[in-house]
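Okay, here's what each chain looks like letter by letter:
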Amino acid sequence: MAGADAGFIAQNVYLYCAAAGLGTVVRGLVDRRTLAARLGLGPTQRITLAQTVGLPAR
Ligand SMILES: Cc1cc2nc3c(=O)[nH]c(=O)nc-3n(C[C@H](O)[C@H](O)[C@H](O)COP(=O)(O)O)c2cc1C
């Protein structure tokens, strides 16, 4: 279920970015250890995907 949830969340970010004129990509390759530390995640929390948001290339 967590994988499906992550997919729905990523899709919603894509929809918002399209509406707001922003670009986004999902990333499966992410430094999970560093990101988890920066986000202050606990030992039972897992990073499924990361998503970069920014201004689209012209
Ligand atoms: C589940 C999933 C994981 C992905 N992980 C990465 C990633 O770690 N690094 C990356 O460069 N692209 C990754 N991609 C591809 C990007 O999300 C994106 O589709 C790709 O960079 C092409 O973007 P563009 O069509 O805007 O150029 C992943 C795509 C999916 C569906």
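In the annotation of an unreviewed UniProt entry, the entry for the protein reads Nitroreductase domain-containing protein, and the organism field reads Azohydromonas caseinilytica.

Visitor: Provide a residue-level description of the site of the ligand, including the pertinent values.
Guide: For the ligand, the full set of nearby residues is V25, V26, R27, G28 and L29. With respect to the ligand, the backbone of V26 contributes an N or O atom lying 2.8 Å from an oxygen atom. Residue L29 places a main-chain N or O atom 2.8 Å away from an oxygen atom belonging to the ligand. Burial of the ligand by the protein chains amounts to 34% of its free accessible area of 630 Å².

Visitor: Residue-level account of the UniProt feature "domain: Nitroreductase" (unreviewed entry) in the protein, with values.
Guide: Taken from the UniProt record, the annotation "domain: Nitroreductase" (unreviewed entry) applies to residues 4–54. The span residues 4–54 shows a helical share of 49% and a strand share of 20%, and its end C-alpha atoms are spaced 24 Å apart.

Cut-offs and rules
- Residues numbered from 1 in each chain as written.
- Predicted model: local features only at pLDDT ≥ 70, side-chain atom pairs only at ≥ 80, totals over all residues.
- Heavy atoms only, no water.
- Near = heavy atom within 4 Å.
- Polar contact = N/O pair within 3.5 Å; in protein donor to acceptor, adjacent residues only side chain to side chain.
- Areas by Shrake-Rupley, 256 points an atom, 1.4 Å probe, with all protein chains shown as cover.
- UniProt positions renumbered as here; feature names shortened; annotations may be inferred.
- Helix = DSSP H or I, 4+ residues; strand = E, 2+ residues; numbered from the N terminus.

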